[in-house]
Amino acid sequence: MKTQSTMAACAAVLVLSACGAHVHGLLPEESDPALGVGWFSHEGPEPPEMVLEFKGKRFEARGFAIEKTRNLKELRRRYGTDRRHWDRIFSGQDTDHFTHSAEADLRAADGAQMRCAVAWRGALTPAGTCVTADGTRLPVRFE
C-alpha cells in the first residue's frame with residue numbers, strides 16, 4: 001500500500017512539473033480587430049509556440065528563441081549599493097528585472113507569412129507587433 005501511494009505521489013509531482021508552460025491567450029480588445037483567436041506559450045517542456053488567426057488563416061510558429069536580458073546600468077542607478085537587493089537579484093530570487101523578448105516568423109498552410117515581435121517584463125504580459133508580408137502592422141497583446 002505504501003509503495004502505491006509513494007508511486008502516485010511521484011507521478012503527481014512529475015505531471016505537475018511538466019505542466020509548467022506559460023500560455024497566454026490573445027486579448028482581442030487590446031489587439032488589432034482583424035486578428036481572431038491566438039495564443040503564445042513559453043517556458044516548459046515544449047518549445048515556444050505562437051498561433052494567430054488573421055483573415056481566416058491560421059499562422060503558426062514553433063521553436064523560436066526567447067531572449068532574457070536585464071539592464072545592469074539601470075539597476076545600479078535604481079538600487080545603488082543595497083547588497084541585500086543585489087543578492088536577491090543574482091541568486092534568482094528577484095526576477096522582476098528581466099526583460100523577455102521573442103521574434104517569430106509565423107506561417108500559414110498556404111505559405112503566407114507574418115513576423116511577430118513581443119516583449120514583456122517580470123509579471124507583465126507579452127505585447128508587441130506583427131507585420132504581414134504586405135507590410136500591414138498588427139498590434140498584439142496577450143493575457
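Residues numbered from 1 in each chain as written. Predicted model: local features only at pLDDT ≥ 70, side-chain atom pairs only at ≥ 80, totals over all residues. Heavy atoms only, no water.

Looking at the overall build of the protein chain
Put simply, the rule reads: Secondary structure elements follow DSSP: runs of H or I no shorter than four residues count as helices, runs of E no shorter than two count as strands, and numbering proceeds from the N terminus. Residue exposure (1.4 Å probe, protein chains only): buried if accessible area is under 20% of the type maximum, exposed if over 50%, otherwise partly exposed. Note on definitions: a residue-residue contact is assigned when non-hydrogen atoms from the two residues lie within 4.5 Å. Per-residue and other accessible areas were derived by the Shrake-Rupley procedure at a 1.4 Å probe size, with only the shown protein chains allowed to occlude residues.
When you go through the protein chain residue by residue, the secondary structure sums to three helices and nine strands. Going residue by residue from the N terminus, the α and β elements of the protein chain occur as α-β-β-β-β-β-α-α-β-β-β-β. Each of the 143 residues in the protein chain was classed as buried or not, and the buried ones make up 30%. Long-range pairs, those at least 24 residues apart, make up 39% of the contacts in the protein chain with a sequence separation of at least 6. Counting every atom, the protein chain has about 9,300 Å² of accessible surface; 55% of that belongs to carbon and sulfur.

Quick look at the state of the cysteines
Formally: Pairs of cysteine sulfur atoms within 2.5 Å are what we label disulfides.
For the structure on display, the rule yields one disulfide. Each disulfide pairs two cysteine sulfurs, and for C116 the partner residue is C130, the sulfurs being separated by 2.0 Å. Torsion about the S-S bond of the C116 and C130 cystine: about 110 degrees, corresponding to right-handed handedness. Taken together, the residues span a long stretch of sequence, with C116 in strand β7 (residues 113–121) and C130 in strand β8 (residues 127–132) at a distance of 14 residues. Each member of the pair, C116 together with C130, is buried.

Some remarks on the packing of aromatic side chains
This is how the line gets drawn: Two aromatic rings from Phe, Tyr or Trp, using only the six-membered ring of Trp, form a pair when their centres are within 6.5 Å; if the ring planes differ by under 30 degrees the pair is stacked, by over 60 it is edge-to-face, and anything between is tilted.
Scanning the model with the defined rule gives three aromatic pairs in all. Considering the side-chain rings of F40 and F64, the 6.1 Å spacing of their centres and the 15 degrees angle between planes classify their relative orientation as stacked. Of the two residues, F40 is situated in strand β2 (residues 35–42) and F64 in the loop between β4 (57–62) and β5 (66–69); the sequence distance between them amounts to 24 residues. Note on accessibility: F40 and F64 belong to one class, buried. Through a chain of ring-to-ring contacts, three or more aromatic side chains come together here, namely F40, F64, W120 and F142.

A short note on the pattern of salt bridges
Heads up, the condition is: Salt bridges are defined by distance alone: a side-chain nitrogen of Lys or Arg within 4 Å of a carboxyl oxygen of Asp or Glu.
On inspection of all chains with the given rule, the structure shows seven salt bridges. In this structure, R141 and E30 form a salt bridge, with 3.0 Å as the shortest nitrogen-oxygen distance. Taken together, the residues R141 in strand β9 (residues 137–141) and E30 in the loop between β1 (22–25) and β2 connect sequence positions 111 residues apart. Salt bridges sharing partners connect three or more residues here, namely E46, E49 and R62.

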